[in-house]
Amino acid sequence: MSAVSGGGTRDRVTVATFRAMKDADEAIVMLTAYDTPGARIAEAAGVDAVLVGDSLGMTVLGFDSTLPVTMDDMVRATSAVSRGISRALLVADMPFGSYQASPDDAVANAARLLAEGGAHAVKLEGGASVAPLVERLVTAGIPVMAHVGLTPQSVNVFGGYKLQGATAAAGIALVQDCLALEAAGAFGVVLELVPAELAAMISEEIAIPTIGIGAGAGCDGQVQVFHDLLGIGDFTPRHARRYAEIGVAMTKAVAAYAADVRAGAFPAEAQTRHLDADSVAELERSLPLTLEAD
Ligand code: KIV
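Here is a short report on the structure shown in this document. None of these values were measured; they are calculated from a predicted model.

Here is what the cut-offs are and how they apply
Residues numbered from 1 in each chain as written. Predicted model: local features only at pLDDT ≥ 70, side-chain atom pairs only at ≥ 80, totals over all residues. Heavy atoms only, no water. Near = heavy atom within 4 Å. Polar contact = N/O pair within 3.5 Å; in protein donor to acceptor, adjacent residues only side chain to side chain. Areas by Shrake-Rupley, 256 points an atom, 1.4 Å probe, with all protein chains shown as cover. Nonpolar A, V, L, I, M, F, W, Y, C, P; charged D, E, K, R; others polar. Helix = DSSP H or I, 4+ residues; strand = E, 2+ residues; numbered from the N terminus. Buried < 20%, exposed > 50% of the residue type's maximum accessible area, 1.4 Å probe, protein only. Contact = heavy atoms within 4.5 Å. Axes fitted to C-alpha atoms, helices over the stretch in contact; angles between N-to-C directions. Parallel < 35°, antiparallel > 145°, perpendicular 65-115°, else oblique. Left-handed = near helix turned anticlockwise from the far one by under 90°. Pairing = 2+ DSSP bridges. Core = buried A, V, L, I, M, F, W, Y, C linked by side-chain atoms within 4.5 Å. Patch = residues over 30% accessible without salt bridge, like charges linked within 9 Å, V, L, I, M, F, W, Y side chains within 5 Å. Salt bridge = Lys/Arg side-chain N within 4 Å of Asp/Glu carboxyl O. Right-handed = clockwise from strand over helix to strand, strands pointing away.

Around the ligand, the neighbouring residues are Thr 32, Leu 51, Gly 53, Asp 54, Ser 55, Asp 93, Lys 123, His 147, Val 190, Ile 213 and Val 223. Within the contact set of the ligand, an oxygen atom lies 2.8 Å away from a side-chain nitrogen or oxygen of Lys 123. Taken by itself the ligand offers 260 Å² of open surface, and the protein chains cover 95% of this. Looking at side-chain class alone, the shell around the ligand contains 4 nonpolar, 4 polar and 3 charged residues.

Turning to the environment of Asp 260, a few remarks are in order. Examined against the element boundaries, Asp 260 turns out to sit in helix α11 (residues 246-263). For Asp 260, a relative accessible area of 34% translates into the label partly exposed. On a C-alpha basis, the gap between Asp 260 and Leu 191 in space is 48 Å, while along the polypeptide they are 69 residues apart. With residues near it in sequence (within four places) discarded, Asp 260 still touches Ala 265 and Phe 266.

Okay, the packing of helix α4 (residues 71-82) against helix α5 (residues 103-115) next. For the pair α4 and α5, the least separation of the axes is 9 Å and the interaxial angle reads 25°. As summarised for this structure, α4 and α5 are arranged roughly parallel, according to the angle between their axes. In the crossing of α4 with α5, the sense of the turn from one axis to the other is right-handed. The segment α4 lies against α5, with Met 71, Asp 72, Met 74, Val 75 and Thr 78 engaging Asn 109, Arg 112 and Leu 113. Classifying every residue of the contact of α4 with α5 gives 4 nonpolar, 2 polar and 2 charged.

As a further point, take the sheet that holds strand β4 (residues 121-125). Overall, parallel pairing links the 8 strands, which are arranged β1-β2-β3-β4-β5-β6-β7-β8 in a closed barrel. Within the sheet, the average angular offset between the axes of one strand and its neighbour, ignoring direction, is 25°. For strand β1 (residues 28-32) and strand β8 (residues 221-224), the ladder comprises 4 bridges, and the chain directions are parallel. The residue of β8 that forms the bridge with Val 29 is Gln 222. Sitting on the sheet, α5 touches β3 (89-93) and β4, and the angle it makes with β4 is about 140°.

Our focus in this paragraph is the nonpolar core. Membership of the largest hydrophobic core comes to 57 residues, with the highest contact counts inside it found for Val 50, Leu 124 and Leu 191. Beyond its immediate chain neighbours, meaning those up to four positions away, Leu 191 contacts Val 148, Cys 178, Ala 199, Ile 202, Thr 210, Ile 211, Gly 212, Ile 213, Ala 215 and Cys 219.

On the surface, Val 254, Tyr 257, Val 261 and Phe 266 cluster together into a nonpolar patch covering about 380 Å² of accessible area. Take Val 254: it is sitting in helix α11.

Moving on, we come to the environment of Asp 11. Relative to the helices and strands, Asp 11 is located in the segment before α1 (15-23). Classification of Asp 11 by relative accessible area gives partly exposed; the value is 47%. Taking the C-alpha atoms as reference, Asp 11 lies 9.5 Å from Ser 86; in sequence the two are 75 residues apart.

What follows concerns the pairing of β4. Where burial is concerned, most of β4 is hidden: 5 out of the 5 residues are buried. Every second residue of β4 is oriented toward a common face, with Ala 121, Lys 123 and Glu 125 on one face and Val 122 and Leu 124 on the other, all of them buried. Of the strand pairs in this sheet, β3 and β4 are connected by 3 bridges, and their pairing is parallel. Paired with Val 91 across the strands is Ala 121, a residue of β4. Note on the crossover from β3 through α5 to β4: the handedness is right-handed. Examined bridge by bridge, β4 and strand β5 (residues 144-149) share 4 bridges and lie parallel to one another. By the bridge assignment, Glu 125 is partnered in β5 with His 147. Between the parallel elements β4 and β5, the chain passes through helix α6 (residues 131-139) in a crossover that is right-handed.

Listed below in structure tokens is the structure:
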């Protein structure tokens, strides 16, 4: 049983729980979900936080980046996920373009994720430059999780999905980003695709929890993408471990269904409903019918 509130106890996880888990040296487990069944699986497995990531664009919507994901996509997915969880903290990503144009737009869009989507917090990408926006959102009553390192919405600036903070100078800049985000009121920060040594140092330097993805074991928690973990889809990033081959199992099941239909083996008696004998007889006597004129 956990000392704080993570690890499978039934207390609702809040942003305060996140901080208490870090203080108690208790690992925070976070997983993405994009729909109610996925959220129910994450919740039943006892994860502490569910992220409706804008990875939705790639995992579910078939795009090759997160950039085309819209606010409406995120609100609908977040509300679906909210119907599947009762304990986990629900964090929703602010999609590309929803917070860059103006702070007023950002507050309105973040408020939609809480009010319409049922999220408890939002996540947005960026370092010190977004700290004033983080402060504005937190002041408006919207908890914010930050996201630094590889920030996929900036893939065109980085020129690919590459390791970040790979030199001492870049590492110092990332530490500065995290300090600024913490000072602005972020309750946690995702560190994506940064060297393990740097992630461990950042985790020591700041009081808010770091949640790593491709950032080594020295973070305060880990986040993974649902489809990567379960083996749905062909591509597995180097930082992911496939804990199952659900995609293969699903394809086999659908192929077995197709074969049964073609062989006349589905539906069988168990999937069939019948008419009583009198109704069958009456129907047979009445056929064939002709179309009645108006
Ligand atoms: O969109 C997402 O799934 C994310 C995680 C990879 C952290 O931002």
